[in-house]
Amino acid sequence: MDCLFCKIAAGEIPSTKVFENDDVYAFLDIAPQAPFHAVIIPKKHIKCADEITPENSGIIAKIFEAIAIISKEQGLENGYRIVNNCGEDGGQTVGHLHFHMLGRRALAWPPG
Ligand code: AMP
Ligand code: ZN
């Protein structure tokens, strides 16, 4: 499958790793929107949030366990934001489920 994030998770395309375990990979975003901007992905391909089912939803817990570890490792005790863009109106540009983790600056709310 021709998927950018599958290739990043497999190490076929280089990335700056911030976390990895058997199920989850996290790396720095190439176009950071905050001083800390990581992308957290399941290693197994899932297209978007719409494809979460009772069979595969365990990966969401694993991703958020990873986020809690990354937060402590990166010293984000002042807070951060998790964003998931789903589909065209959500602004998703890479069709492999991912969560943005943005921190080290105060973030406006609501988003545009
Ligand atoms: P989204 O727009 O929610 O689909 O997010 C995709 C994100 O992937 C964007 O923030 C891009 O900057 C980021 N991105 C695209 N290509 C790469 C890459 N090769 N390495 C790291 N981040 C990337
Ligand atoms: Zn993929």
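Data block above holds the structure.
Residues numbered from 1 in each chain as written. Chains lettered and ligands numbered in written order. Predicted model: local features only at pLDDT ≥ 70, side-chain atom pairs only at ≥ 80, totals over all residues. Heavy atoms only, no water.

Trainee: Explanation requested: the pairing of strand 1 (residues 17–20) in the structure shown.
Mentor: Sheet analysis places strand 1 next to strand 2 (residues 24–28), joined by three bridges and oriented antiparallel. Its bridge partner lying in strand 2, lysine 17 is registered against phenylalanine 27. Hairpin connection of strand 1 to strand 2: three residues between the antiparallel strands. (Pairing = 2+ DSSP bridges. Helix = DSSP H or I, 4+ residues; strand = E, 2+ residues; numbered from the N terminus.)

Trainee: Help me understand helix 2 (residues 58–74) in this model?
Mentor: Structural remark: α-helix, 3.6 residues per turn; residues separated by three or four positions point the same way. With 17 residues, helix 2 extends 25 Å from end C-alpha to end C-alpha; this agrees with the ideal 24 Å at 1.5 Å per step. Of all the positions in helix 2, only Ile59, Ile63, Ala66, Ile67, Ile70 and Ser71 are classed as buried. The buried side chains of helix 2 occupy one side of the element, clustering within an arc of 145° when seen end-on. Opposite the packed face of helix 2, turned more than 90 degrees from it, sit the exposed residues Glu65 and Lys72. Close packing links the buried residues of helix 2 with strand 1, strand 2, strand 3 (36–42), strand 4 (80–83) and strand 5 (99–103). Looking at the residues trailing helix 2, positive phi occurs at glycine 75, about 70°. (Expected span 1.5 Å × (residues − 1). Buried < 20%, exposed > 50% of the residue type's maximum accessible area, 1.4 Å probe, protein only. Arc of directions from axis to C-beta. Contact = heavy atoms within 4.5 Å.)

Purely geometric numbers; function is a separate question.
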